[in-house]
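# Remarks on the overall topology
Now for the letters of each chain:
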Amino acid sequence: MSHIHHRMLGRKSSHRNAMLRNLVQSLIEHESIRTTYPRAKEAQRVAENLINLARKNTEASRNEAFKFLYIHGLNDKLFGTIRERYANRNGGFTRVLHIEPYNGDAAPSAILELVDGPKDMRFAMTAKSVARNAFEGTPIHPLTKKNIAKVTRFRQNGEEEFQKVVGYFLSIFERRGSQTRDESPEKGITALNTDNSQTGKFESRVNDAPT
Amino acid sequence: MATAVLSNRGSVSMTSLLSRAMSSRLKIPLLFSLPTLTLGLQWNTPPIISQIWDSILKAVPKKKQSHSRKRMRQLAGKALQDVISLNECPGCGATKRAHHLCPTCVDDIREMWKAGTGLDVKETPSTAPSGGSGASA
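Residues numbered from 1 in each chain as written. Chains lettered and ligands numbered in written order. Predicted model: local features only at pLDDT ≥ 70, side-chain atom pairs only at ≥ 80, totals over all residues.

The name an unreviewed UniProt entry assigns to chain B is Large ribosomal subunit protein bL32m, from the organism Orbilia ellipsospora. UniProt lists a comment for chain B under the heading Sequence similarities (unreviewed entry), and it reads "Belongs to the bacterial ribosomal protein bL32 family." UniProt, in its Subcellular location (unreviewed entry) section for chain B, records the words "Mitochondrion". (UniProt positions renumbered as here; feature names shortened; annotations may be inferred.)

You'll find chain A entered in an unreviewed UniProt entry as 50S ribosomal protein L17, with Orbilia ellipsospora given as the organism. The Sequence similarities (unreviewed entry) comment attached to chain A in UniProt states, word for word, "Belongs to the bacterial ribosomal protein bL17 family."

Next comes the structure, spelled out in structure tokens:
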């Protein structure tokens, strides 16, 4: 079947189309979905086409897009926030990222997400690595620098939002760091204390500790 | 044994014929009877004897090979490959697969989204545990 340029996904045409419509609808609804890698790649094509219809925003394209989504309420979102978000982008509205298999059958899995949306995994991941560098005092990797540029380039208030997420992860790193620093000198005692706190004797431990 | 088998099969006339032919050709004396007769029969009737001979004696396995041995033989050289395409995760420093996201970082980011995209949640996670640690210290 070398002349067919898409995956069959083990389904007949009607079933496959229905599945892809469902996947893309979930993507529009939740901004980020987790499926197998082949399904994500196929849904990506369909999603890009749908978003392009929204960007055109003519009578014809609107009719075409309205035929696609099962939940008609999502059309407002598609022609509202999503159309505005990608007004200056000529393609590449979605992104597929490999993740570890999450299903029992160990199928290659992926995240399909809307770029620059509220659930942009690469945006958050880049922010986390920047936060780690700041916490450990290490220089930022060149690849991370490239990702920062990519991730903040088209996003509205990209730099500010990025710094906010970096701040969030920095606070988490500091919290974890302080916890390990507190626990490290008195390992045996902390082990006992955690047992006490689990059984509800936290108060008595606090009172005993200074004496 | 071969003669016995032949006589059982009722081919007496054939043995007599053969013996007569042999004696006429090789000029064997009468004293020299039984062993040479069997030899002569083997030489002159190869198809029947060889068929019987094959059916009687053949090299076969003595025991059924166990499931374990069979699987070991068939899976020889088909062991799982080691995963060597590994990276250090930039977000947490753990080892992860190359070109794949680190699962712990993905979980962390999801938690952030659940807590409210991490935009206005900056205060709450830092204050709550610091208060706890302050009380213990």
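## Digging into the overall build of chain B
Each helix and strand counted, chain B has 7 helices and 2 strands in total. Element order for chain B, N to C, with α for helix and β for strand: α-α-α-α-α-β-β-α-α. Contacts in chain B between residues far apart in sequence, at least 24 positions, make up 22% of those at least 6 positions apart. (Helix = DSSP H or I, 4+ residues; strand = E, 2+ residues; numbered from the N terminus. Contact = placed C-beta atoms within 7 Å.)

## A closer look at unusual backbone geometry
We note that D116 of chain A has phi near 65°; this positive angle belongs to a residue other than glycine. Following the sequence through the fold, D116 of chain A ends up in the loop between strand 3 (109-114) and helix 5 (121-136). D116 of chain A gets classed as buried once you count the C-beta atoms within 10 Å, which come to 22. Phi at H99 of chain B is positive, roughly 65°, even though this residue is not glycine. Structurally, H99 of chain B can be placed in the loop between strand 2 (95-97) and helix 6 (103-116). (Buried ≥ 20, exposed ≤ 12 C-beta atoms within 10 Å, placed from the backbone.)

## Concerning the packing of helix 1 (residues 13-30) of chain A against helix 2 (residues 37-56) of chain A
Working note: a packed helix pair is described by the angle between its axes plus the distance between those axes. Residues and elements named next belong to chain A. Orientation of helix 1 relative to helix 2, taken along the N-to-C sense of each, is 70°, at an axis distance of 9 Å. On the basis of the axis angle, helix 1 is roughly perpendicular to helix 2. You can see that helix 1 and helix 2 cross each other, and the crossing is right-handed. In this structure, helix 1 uses L20, L23, V24 and L27 to contact helix 2, whose residues at the interface are R39, E42, A43, V46, A47 and L50. A class-by-class count of the residues in the contact of helix 1 with helix 2 yields 8 nonpolar, no polar and 2 charged. (Axes fitted to C-alpha atoms, helices over the stretch in contact; angles between N-to-C directions. Parallel < 35°, antiparallel > 145°, perpendicular 65-115°, else oblique. Left-handed = near helix turned anticlockwise from the far one by under 90°. Nonpolar A, V, L, I, M, F, W, Y, C, P; charged D, E, K, R; others polar.)

## A look at the sheet that holds strand 3 of chain A
Residue and element names in this part refer to chain A. Taken in spatial order, the 3 strands make up an open sheet running 1-3-2, and their pairing is antiparallel. Two strands bound the open sheet, and with one partner strand each, they are strand 1 (32-36) and strand 2 (94-99). Averaged over all adjacent pairs, the angle separating strand axes in this sheet is 25°, with direction ignored. Pairing analysis gives 5 bridges linking strand 1 to strand 3, with the strands arranged antiparallel. Bridge pairing in strand 3 links S32 to E113. Contacts from helix 5 reach strand 1, strand 2 and strand 3 within the one sheet, and its direction differs from that of strand 2 by about 60°. (Pairing = 2+ DSSP bridges.)

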